[in-house]
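Examination of the molecular architecture
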Amino acid sequence: MNISFSPPFIDQNVIDEVVDTLESRWITSGPKVKALEAEMIELTGSKATVCVNSWTSGAIMMLKWFGIKEGDEVIIPAYSYCATALCVLHCGAKPVMVDISDDLTIDPAEIRKAISHKTKAIITVDLAGLPCDYQAINALINEAEIREQFIPATEKQRALGRILLIADAAHSIGACYGGKSAALASDITIYSFHAVKNITTAEGGCICLNLPEQFNHDAEYGFLKVFALNGQNKDAYAKSRGANWKYDILYQGLKINMPDICAAVGLAQIRQYKDLLLPSRKHIALKYCHHFNAYSWFTAPVLKDSTRESSYHIFPLRIKGISEEQRDQIIEQLVALGIVVNVHFIPMPMLSYFKETGYRIEDYPNSYKQYASEISLPIYPQLSIEEVDYIIESVINTVQLHLGISPLKTTA
């Protein structure tokens, strides 16, 4: 077999929606983006949503919106993709990395240790699709002692009066927290629509606003739409409607708007998400766990507990007692069997740029421990029953042989 890791879901609905956009002759930001934002409000229950061209650019914009600048600190987990830190650096601030819990999400106890009078925001990461411990994190940032340390420097910071909580939800669209959409657990939740995500627009992202009542969400939405288009007060679609060519530049904005041609892909997918795409992922994840749970070397991921349910974006297979080198050998053997797998993620302190700027992986022992034993298995709706069975059999045989244990049977 030849099994890809995470191909995009492209069915006739997606093709038809894209063709409809092309035939409309309007392919940049316009009605399809508005429709996708409306679908995101429906899916997440958020007060306002803003589609942009990537998670990273959305995060940069929201940090700038809050006034993050040089001298400020933003707490993030060490175990994440580099964009979680780079968005902070692009604003001139310092990413303060902390370690994770065994469930792969940021450890609230480590957040507490890292908070200082310079802390302006926390970016959590719903790794693999599992929401973080938002009850503990929200309780922490609202403690009187922690609020007293917060030194506001901008109008937005004074209005909030505490550390801003941003969820890096690149993996967790459709995840639940406390019986509700996980997007409602943070001030700002930012999703990714990159090609490998549960819902894709090829490249893209969406900002979900759930700020406290002192913020006017309609006003914030209007500002962000302008800021995302170079600070221009009229987008191209508005300018195209008759004698409406005059515009003004109101802010030193960014150019990060999502085009309709991309939104069309996401629109067709999001309309099938609850009934098809998400249940398909869940079914595969549960099947993996059902088979792997019989083996003592398997560390099961948290897919659902009393508070949280994952979006099943990644299935993080973790193998007890192996080294990073052994993990790499297992990956090579699986690839030789025709199964493309991945690793999520290389902790940022292990990457050259971050090592050169002073981060040390030794300071994040659990991040390294989890990384060294993790293999991300394919999990997507297009996988057939036969392919899932082949992956399960191949993983069991490969790991058993590697650990010196009799295999299940010879892999065909």
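My aim in this report is to walk through the structure given alongside it, one point at a time. Please read these numbers as outputs of a predicted model, since none were measured by experiment. (Residues numbered from 1 in each chain as written. Predicted model: local features only at pLDDT ≥ 70, side-chain atom pairs only at ≥ 80, totals over all residues. Heavy atoms only, no water.)

Quick look at the overall build of the protein
- Scanning the protein from terminus to terminus reveals 16 helices and 13 strands.
- Its C-alpha atoms give the protein a radius of gyration of 22 Å, within 12% of the compact-globule value 22 Å for 412 residues.
- Each of the three principal axes of the protein carries a C-alpha extent, and together these read 75 × 55 × 40 Å.
- Classification of the 412 residues of the protein by burial places 56% in the buried group.
- Counting every atom, the protein has about 17,400 Å² of accessible surface; 53% of that belongs to carbon and sulfur.
- Within the protein, one finds 37 positive and 46 negative side-chain charges whose respective centroids are separated by 5 Å. (Helix = DSSP H or I, 4+ residues; strand = E, 2+ residues; numbered from the N terminus. Rg over C-alpha atoms; globule rule 2.2 N^0.38 Å. Buried < 20%, exposed > 50% of the residue type's maximum accessible area, 1.4 Å probe, protein only. Areas by Shrake-Rupley, 256 points an atom, 1.4 Å probe, with all protein chains shown as cover. Lys, Arg positive; Asp, Glu negative; His and termini not counted. Charge placed at Lys NZ, Arg CZ, Asp CG, Glu CD.)

Regarding unusual backbone geometry
- Of note, the bond from His344 into Phe345 is cis; its omega dihedral lies within 30 degrees of zero at -10°.
- Relative to the helices and strands, Phe345 is located in the loop between α13 (324-336) and α14 (352-356).
- Here Arg25, not a glycine, exhibits a phi torsion of approximately 70°, which is positive.
- Here Arg25 shows up in the loop between α1 (12-24) and α2 (31-44).
- In this model, Ala202 sits at a positive phi of 80°, which is unusual for a non-glycine residue.
- If you trace the backbone, Ala202 turns up in the loop between β8 (188-192) and β9 (205-209).
- For Ala202, a relative accessible area of 40% corresponds to the partly exposed category.

Brief notes about the sheet that holds strand β2 (residues 73-77)
- Reading across from one edge, β1-β9-β8-β5-β4-β2-β3 is the order of the seven strands in this open sheet, with mixed pairing throughout. Looking at the sheet topology across the chains shown, the edges are occupied by β1 (48-52) and β3 (94-98). Along the sheet, successive strands turn relative to each other by an average axial angle of 20°, direction set aside.
- Bridge count for strand β5 (residues 164-168) against β8 is three bridges, and the pairing is parallel. By the bridge assignment, Ile166 is partnered in β8 with Ile188.
- Against the sheet, helix α3 (residues 55-66) contacts β1, β2, β4 (119-125), β5, β8 and β9, and its axis sits at roughly 160° relative to β8.
- Each of β4 and β5 is contacted by helix α6 (residues 134-141), which is oriented at about 160° to β5, the strand it contacts most. (Pairing = 2+ DSSP bridges. Axes fitted to C-alpha atoms, helices over the stretch in contact; angles between N-to-C directions. Contact = heavy atoms within 4.5 Å.)

Nothing here speaks to function; it is all geometry.
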